[in-house]
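Observations on chain architecture
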Amino acid sequence: MSVNYYLIRTEELDAGLIAAWRSIQEREPRFESPYFCPEFTRAVGAVRGDVRVVVIENDGRPAGFFPHQRAVWGHGSPVGGPLSDYHGVIVAPQAEWSVVELMRAARLSVWSFDHLVDSSGRFAPYVTASAAASPQIDLASFQPPPDFARKARKLAREVGELSFSLHAPGSAALARLFAWKSEQYRASGLTDAFGVPWTGELLRRLMGIETPGFAGACSVLRAGDEIVAVHAGMRSRSVLHWWFPAYSAVHAAYSPGILLLLHVAAAALALGIQRIDLGKGDAHYKRSLMTGAAPLREGCVELPSLAATARHLRRLAEARAAWQLPLKALRRLERARRFN
């Protein structure tokens, strides 16, 4: 079998390549997440100039796709950087390919990952740790906790009748989400994800996509005329990814964020969606609502090169300098750098 690799920009993903990409997704259940859909890669490529895709060919036919971001010194990262909750090589189960040749085709000397799905096992030598699994809700077996029905009735009685939209395409709800999340990040001492221009533009683009295989979802819960919770996520044919939820702090006692999630779950099930992926993390609400979890891996592929040596020396210098920084400042610096 002949194996070939070639590197393209996201705008070069034509109808034939996208059809081949979707066919792989349909045959390999591990790639059902909307993060693995070509629409997500193309949307990130539209707001960033550093997104590339390596196409893997077997006997002249597309057999796999490796979307990634490129930085200086041949450093690669997943598409979406710190916003990526799933990444890997979207590849047919029986395809022939190698990680080293893939890296060379991408012109990368290093590729770091922290939410890797590896259906082939080829990345096993590069895995340094098992990342915390991503909690999921199997909608067919999910039973909402009964105490939240009481909270919903109380919210409706004390604030206003509840209304829900699975997708509100207007800008008002999304603007409210950005404001709430930015306030939350600042209060927690975290890097404001929406203070970086490309992240907000990415969500706006995603919320405008609606196809059978991929769509953005800006879900809104109102009590009377007041927006009490908003969520911006995305879905594939079978999985809805719970991504950016936010709620009114004034109404926190009613648990509006979880009430919104329960409404989203019911609406998603009616659309034929099988699972809601809550994203990696140990938040209490995730532990209490999850019915299962997807394993993820973290690590780094690094090929020998002058650039790799330079990076090693730079890391040593940064490690020495880190001893001079307070821990909180060091963490803030690292989070900010990941959004570049």
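Let me sum up the structure you'll find in this document.

Thresholds applied
- Residues numbered from 1 in each chain as written.
- Predicted model: local features only at pLDDT ≥ 70, side-chain atom pairs only at ≥ 80, totals over all residues.
- Heavy atoms only, no water.
- Salt bridge = Lys/Arg side-chain N within 4 Å of Asp/Glu carboxyl O.
- Helix = DSSP H or I, 4+ residues; strand = E, 2+ residues; numbered from the N terminus.
- Buried < 20%, exposed > 50% of the residue type's maximum accessible area, 1.4 Å probe, protein only.
- Phe/Tyr/Trp six-rings, centres within 6.5 Å; stacked < 30°, edge-to-face > 60°.
- Expected span 1.5 Å × (residues − 1).
- Pairing = 2+ DSSP bridges.
- Polar contact = N/O pair within 3.5 Å; in protein donor to acceptor, adjacent residues only side chain to side chain.
- Contact = heavy atoms within 4.5 Å.
- Patch = residues over 30% accessible without salt bridge, like charges linked within 9 Å, V, L, I, M, F, W, Y side chains within 5 Å.
- Areas by Shrake-Rupley, 256 points an atom, 1.4 Å probe, with all protein chains shown as cover.
- Lys, Arg positive; Asp, Glu negative; His and termini not counted.
- Charge placed at Lys NZ, Arg CZ, Asp CG, Glu CD.

**With respect to the pattern of salt bridges**
Under the counting rule described, the total for this entry stands at 5 salt bridges. Where Glu-39 meets Arg-22, a salt bridge forms, and the shortest distance between an N and an O atom there is 2.4 Å. Of this pair, Glu-39 sits in helix H2 (residues 38-47) while Arg-22 sits in helix H1 (residues 15-27), placing them 17 residues apart in sequence. The buried category is assigned to Glu-39, whose relative accessible area is 11%.

**Some thoughts on the packing of aromatic side chains**
Think of a pair of aromatic rings as described by two things: how far the centres are apart, and how the planes are tilted against each other in angle. What the rule picks out here adds up to 16 aromatic pairs. Seen from their ring centres, Phe-31 and Phe-36 are 5.1 Å apart, and the 75 degrees between their planes marks the pair as edge-to-face. By the burial criterion, Phe-31 is buried, and Phe-36 matches it. Considering the side-chain rings of Tyr-35 and Phe-40, the 5.0 Å spacing of their centres and the 75 degrees angle between planes classify their relative orientation as edge-to-face. In this structure, Tyr-35 and Phe-40 share a single accessibility class: buried.

**Structural notes on helix H7 (residues 256-270)**
The end-to-end C-alpha distance of H7 is 21 Å, a good match for the 21 Å that 15 residues give at a rise of 1.5 Å each. Burial within H7 is extensive, with 11 of its 15 residues counted as buried. Backbone geometry just downstream of H7 places Gly-272 in the positive-phi region, at approximately 95 degrees.

**Some details on the pairing of strand E9 (residues 215-223)**
Summarising burial for E9: 8 of the 9 residues are buried, a large majority. Across 4 bridges, the pairing between strand E8 (residues 162-165) and E9 is antiparallel. Residue pairing in the sheet places Ser-163 in a bridge with Arg-222 of E9. The pairing of E9 with strand E10 (residues 226-235) spans 9 bridges and is antiparallel.

**A few points about the side chain of Gln-25**
Here Gln-25 is to be found in helix H1. Of note is the side chain of Gln-25, whose polar atom sits 3.4 Å from the backbone oxygen of Phe-36. Apart from residues lying up to four places away in sequence, Gln-25 is in contact with Phe-31, Ser-33, Phe-36, Cys-37, Pro-38 and Ile-90.

**Observations concerning a positive patch on the surface**
Together, Arg-150, Arg-153, Lys-154 and Arg-157 make up a region of like positive charge exposed at the surface. Along the polypeptide, Lys-154 turns up in helix H4 (residues 147-158). Lys-154 gets classed as partly exposed once you look at its relative accessible area, which sits at 34%.

**Observations regarding the environment of Gly-80**
Its location among the elements puts Gly-80 in the loop between strand E4 (75-77) and strand E5 (90-91). Separated by 119 residues in sequence, Gly-80 and Thr-199 place their C-alpha atoms 8.6 Å apart. Among residues more than four places away in sequence, those in contact with Gly-80 are Val-44, Gln-69 and Trp-198.

**Let's talk about the side chain of Ser-255**
Topologically, Ser-255 is positioned in the loop between strand E11 (239-247) and H7. Polar side-chain contacts of Ser-255 include one of 2.8 Å to the side chain of Lys-151. When residues no more than four places from it in sequence are discounted, the contact partners of Ser-255 are Phe-148 and Lys-151.

Don't take any of this as a statement about function, it's just geometry.
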